[in-house]
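Architecture and fold: a report
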Amino acid sequence: GQQVMQIPQYQHVQEGEDFTTYCNSSTTLSNIQWYKQRPGGHPVFLIQLVKSGEVKKQKRLTFQFGEAKKNSSLHITATQTTDVGTYFCAHRDNYGQNFVFGPGTRLSVLP
Amino acid sequence: DGGITQSPKYLFRKEGQNVTLSCEQNLNHDAMYWYRQDPGQGLRLIYYSQIVNDFQKGDIAEGYSVSREKKESFPLTVTSAQKNPTAFYLCASSIARPGQGKNIQYFGAGTRLSVL
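A brief look at the structure comes next. None of the values given here were measured: they were computed from a predicted structure. (Residues numbered from 1 in each chain as written. Chains lettered and ligands numbered in written order. Predicted model: local features only at pLDDT ≥ 70, side-chain atom pairs only at ≥ 80, totals over all residues. Heavy atoms only, no water.)

**Some words on the packing of aromatic side chains**
Going through the model one piece at a time under the given rule, you end up with 13 aromatic pairs over all chains. Consider the rings of F101 of chain A and F107 of chain B, whose centres lie 6.0 Å apart with planes at 75 degrees: the pair is edge-to-face. With F101 of chain A in strand β10 (residues 99–101) and F107 of chain B in strand β10 (residues 106–107), this pair bridges two chains. Take F101 of chain A and F107 of chain B: they sit in the same class, and that class is buried. A network of ring pairs unites the aromatic residues Y35, F45, F88, F99 and F101 of chain A together with Y33, Y35, Y48 and F107 of chain B as a single cluster. If you follow R68 of chain B out to its NZ or CZ, it ends over the ring of F74 of chain B, 5.9 Å from the centre. Between the NZ or CZ atom of R112 of chain B and the centre of the ring of F88 of chain B, over which it lies, the distance is 4.0 Å. (Phe/Tyr/Trp six-rings, centres within 6.5 Å; stacked < 30°, edge-to-face > 60°. Helix = DSSP H or I, 4+ residues; strand = E, 2+ residues; numbered from the N terminus. Buried < 20%, exposed > 50% of the residue type's maximum accessible area, 1.4 Å probe, protein only. Lys NZ or Arg CZ within 6 Å of the ring centre and 35° of its normal.)

Here is the structure:
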């Protein structure tokens, strides 16, 4: 199947520092989605990217889809304590039936 | 309010007991999913259903069963055959096919299952 890997697994940053998580696939993806799960909560959809080289911004969050559509990144500028949580990348498989989730990157922000 | 409702929030299972987790959605989504999440881990797919009266096994279906008698409901039974059931269970729904609308998953708040 089209599994996706994420790095790093964990990241601890000081409040105000930047943070980036990467999502990688060995095969071309038709789309990539990002979800955020707060501690004790459930995953919540953040964004979807579908075009090669696409870049989207949501306030301090910047999402990028690679030119080859095999990788994606999520960058947070000047982290805040509200950014704490696990960030998952995911994509809908080629048959359009299932969503395949990466293992997630857990972000801790120290005040 | 439109969304997905999971109940109960917390559930305890005794040895040899079957327990059923409820998942109801009023988003008019055809597709529904069950995931298991262990502490500090990602999401693993247990079962999914693309349409009423039809469902397929995911990656870790052993020890679990589901039914899909109504579009709105997709209950998950954790059977006594599941020897390590302690986990956080998440139900999700989505449109069945891309092109029908927003192609994302909506999650319920989850059920935390523990073994007594």
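**As for the sheet that holds strand β1 (residues 4–7) of chain B**
Residues and elements named next belong to chain B. Sheet architecture is open: four strands sit in the order β1-β3-β8-β7, paired in antiparallel fashion. Sheet topology places β1 and β7 (64–66) at the edges, where each strand pairs with a single neighbour. Each neighbouring strand pair of the sheet contributes to a mean axis angle of 20 degrees, computed without reference to strand direction. Across four bridges, the pairing between β1 and strand β3 (residues 19–25) is antiparallel. Of the residues in β3, the one forming a bridge with I4 is Q25. (Pairing = 2+ DSSP bridges. Axes fitted to C-alpha atoms, helices over the stretch in contact; angles between N-to-C directions.)

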